[in-house]
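Architecture and fold: a report
Chain by chain, the residues run as shown.
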Amino acid sequence: MIFVDATSSSKSPLNTGVQRVVRSLFAALARHAGVPVEPLIWNDLLGSYCVLSRREHRFLTDAFAEGRHASAKPERAANPWPWSKMTRHLGQRRRRIDLAARLREGDLLFVPEIFQDRRVALLTGLEGLAQGRRIAVFHDTIAYRRPELSPPGRARNFAAYLDSLATFDEVIAVSEFSSEDLAAVWRERGIKPRAQLSARSLCVERSEGRPLPGVSALSRRVLCVSTLEPRKNHLSLLAACESLWRAGVLFQLELIGRATPGHGERVAAEVARLRGAGHAVEWRLHVDDTTLMEAYAACRFTVFPSFIEGFGLPILESVWRGRPCVCANFGAMAEVAREGGCETTDVRDVDQLASSMRRLLDDDTRLDELARAAVARVFPTWDDYAQWLLGRV
C-alpha cells in the first residue's frame with residue numbers, strides 16, 4: 001500500500017509548482033505501483049489524515065474538470081459558499097484514519113508536499129512507531145532563509161518542518177542546490193538526520209506527449225509563467241520590458257500566474273500602468289493546462305526572472321516544449337539550464353535582463369540555436385521517477 005499526502009493538491013484547482021509535481025507523481029504512481037495508491041488530505045482541526053471525497057479526488061486528478069479557468073486566486077474555488085469549510089470539515093470527520101495503525105511492513109508513506117501544521121508532530125512521531133517507509137520530497141528552504149520574500153504565514157513553523165524531515169527514512173530534494181541547502185540547514189541547527197538525503201530532478205510528462213518543436217521567428221510574444229510573489233521578480237521583468245519598448249523594440253509580454261496577497265496587487269497595478277501607456281502586456285491569471293500549453297506554443301521564448309528557487313519548473317517545461325528560456329545564471333535555475341536551451345543572465349539586474357531578452361528578440365540565429373539545444377535535451381518523465389521511487393521501497 002502506498003499512502004500519498006496530497007493535501008494542497010486535493011483542496012482546490014491551485015496548480016502552481018508543488019501541485020503540478022504532486023498531481024503528476026500521483027498519476028505516475030497509480031500507473032506503475034501494482035498496489036493500491038491511496039491519496040490522503042490533512043485536516044488540521046482534527047489532527048488527522050482523511051480519505052479523499054469524490055470532489056477532492058477530482059481536484060487531484062483533474063484540477064479543471066469543473067470548468068475552473070482563469071482566476072487570480074484559484075484556491076478560493078474550494079470555498080464558494082460561507083458554509084463550504086464547515087461542510088468539508090464534517091465530511092472529513094467521517095473519513096479520517098489512524099495512519100500509524102494503518103501502516104504495515106512494506107507500505108510507503110510518500111509526502112511530496114510541504115507541511116507546516118500539526119502534521120509536523122504526527123509525522124515526526126511516526127519515527128519508530130509506525131511500520132513501513134516514510135519518504136518525502138523536499139523543495140526549498142526559502143521561507144526559512146528569506147521569509148521576507150514569502151507570502152504572509154509561509155514562514156510559520158517552517159523550521160519545525162525542516163527538522164521533521166530529518167526523521168524520515170529518505171528525503172529526495174528536487175535539485176542538487178536544494179539538497180545541499182537542506183543539509184546546510186540541518187548542520188546549522190545541530191540536527192543529525194536519520195534521513196538519507198539525495199537529489200533527483202523534477203520531470204516532464206510522458207515523452208509521447210511532447211509538443212513538436214519549431215519556434216516561429218515571426219512570433220513576437222514573450223511568455224512568463226510564475227506566481228506573482230516577490231522572489232519571482234516580476235517588477236524587474238516589467239522594468240526591463242518597459243526599457244525595451246521605449247527603445248522601440250516591438251513584442252508582446254504575456255504573464256500567467258496567480259496573485260499572492262500584497263505583492264500580487266503591486267504587480268497588477270504595474271501591468272495596468274504599462275497597458276495604460278500603450279504597451280503590449282497582458283496578465284492571464286491562473287489558467288488550465290490546455291490554455292498554458294497554447295501559450296507555450298504561441299510564444300517566441302519564455303522568461304523566468306525568479307532569483308531564488310529550489311528548482312524552477314517553468315524553465316524545464318519551457319525547454320521541453322522547444323521554447324528557449326531566459327533565466328538566472330546562478331542557483332537552482334542555472335542547474336536546470338546547464339544542459340542547454342536557455343539564455344542565462346543575472347536577472348537581478350534590470351539592464352542585463354533587458355539585454356538578454358533583446359538578444360532573443362533581435363537575433364533569430366541565436367533563438368534557433370537555443371531552440372535546437374532545447375529539443376536535443378533528453379528529459380526524465382514522471383513515469384521514470386515513479387519507477388525509480390518504487391524501486392526504493
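Our subject is the structure that appears above.
Everything numeric here is computed off the predicted structure, so don't read it as measured data.

**Digging into the sheet that holds strand 14 (residues 342-345)**
Pairing in this open sheet of six strands is parallel, and the strands run 11-10-9-12-13-14 from one edge to the other. Single-partner strands in this sheet number two, and they are strand 11 (281-283) and strand 14. Taken over all neighbouring pairs, the strand axes of this sheet differ in orientation by 25 degrees on average, direction set aside. As defined by bridge partners, strand 12 (residues 301-304) adjoins strand 13 (residues 325-328) across three bridges and the pair is classed as parallel. Its bridge partner lying in strand 13, Val303 is registered against Val326.

**Digging into helix 9 (residues 234-246)**
Under the 1.5 Å per step criterion, the end-to-end length of helix 9 is 18 Å for 13 residues, consistent within 8% with the ideal 18 Å. At its buried positions, helix 9 is contacted by strand 9 (221-225), strand 10 (252-256), helix 10 (263-276), strand 11, strand 12 and helix 14 (350-362). Looking at the residues trailing helix 9, positive phi occurs at Gly248, about 90 degrees.

**So, the sheet that holds strand 5 (residues 108-111)**
Backbone-to-backbone hydrogen bonds pair the strands of a sheet. The strands run either parallel or antiparallel. Strands sit in the order 4-3-2-1-5-6-7-8 across an open sheet of eight strands; the sheet is mixed. The outermost strands of the open sheet, each flanked by one partner alone, are strand 4 (96-97) and strand 8 (196-199). Across four bridges, strand 7 (residues 170-173) lies against strand 8 in parallel orientation. When the sheet's bridge partners are listed, Ile172 is paired in strand 8 with Ser198. Packed onto the sheet, helix 1 (residues 17-32) meets strand 1 (2-5), strand 2 (37-43) and strand 5 and runs at close to 145 degrees relative to strand 2.

**Considering the side chain of Asn233**
For Asn233, the location among the structural elements is in the loop between strand 9 and helix 9. A polar contact of 2.8 Å, which involves the side chain of Asn233, links it to the side chain of Ser236. Residues contacting Asn233, with those up to four places away along its chain left out, are Pro305, Ser306, Phe307, Val347 and Arg348.

**What to know about the packing of helix 1 against helix 16 (residues 382-390)**
Two elements in contact, helix 1 and helix 16, have axes whose closest approach is 8 Å; the angle formed by their N-to-C orientations is 65 degrees. The two elements helix 1 and helix 16 cross, and the hand of that crossing is right-handed. Residue-level contacts link Val21, Ser24, Leu25, Ala28, Leu29, Arg31 and His32 of helix 1 to Trp382, Asp383, Tyr385, Ala386, Gln387, Leu389 and Leu390 of helix 16. Of the residues in the contact of helix 1 with helix 16, the class split is nine nonpolar, three polar and two charged.

So, how was this worked out
Residues numbered from 1 in each chain as written. Predicted model: local features only at pLDDT ≥ 70, side-chain atom pairs only at ≥ 80, totals over all residues. Heavy atoms only, no water. Pairing = 2+ DSSP bridges. Helix = DSSP H or I, 4+ residues; strand = E, 2+ residues; numbered from the N terminus. Axes fitted to C-alpha atoms, helices over the stretch in contact; angles between N-to-C directions. Expected span 1.5 Å × (residues − 1). Contact = heavy atoms within 4.5 Å. Polar contact = N/O pair within 3.5 Å; in protein donor to acceptor, adjacent residues only side chain to side chain. Left-handed = near helix turned anticlockwise from the far one by under 90°. Nonpolar A, V, L, I, M, F, W, Y, C, P; charged D, E, K, R; others polar.

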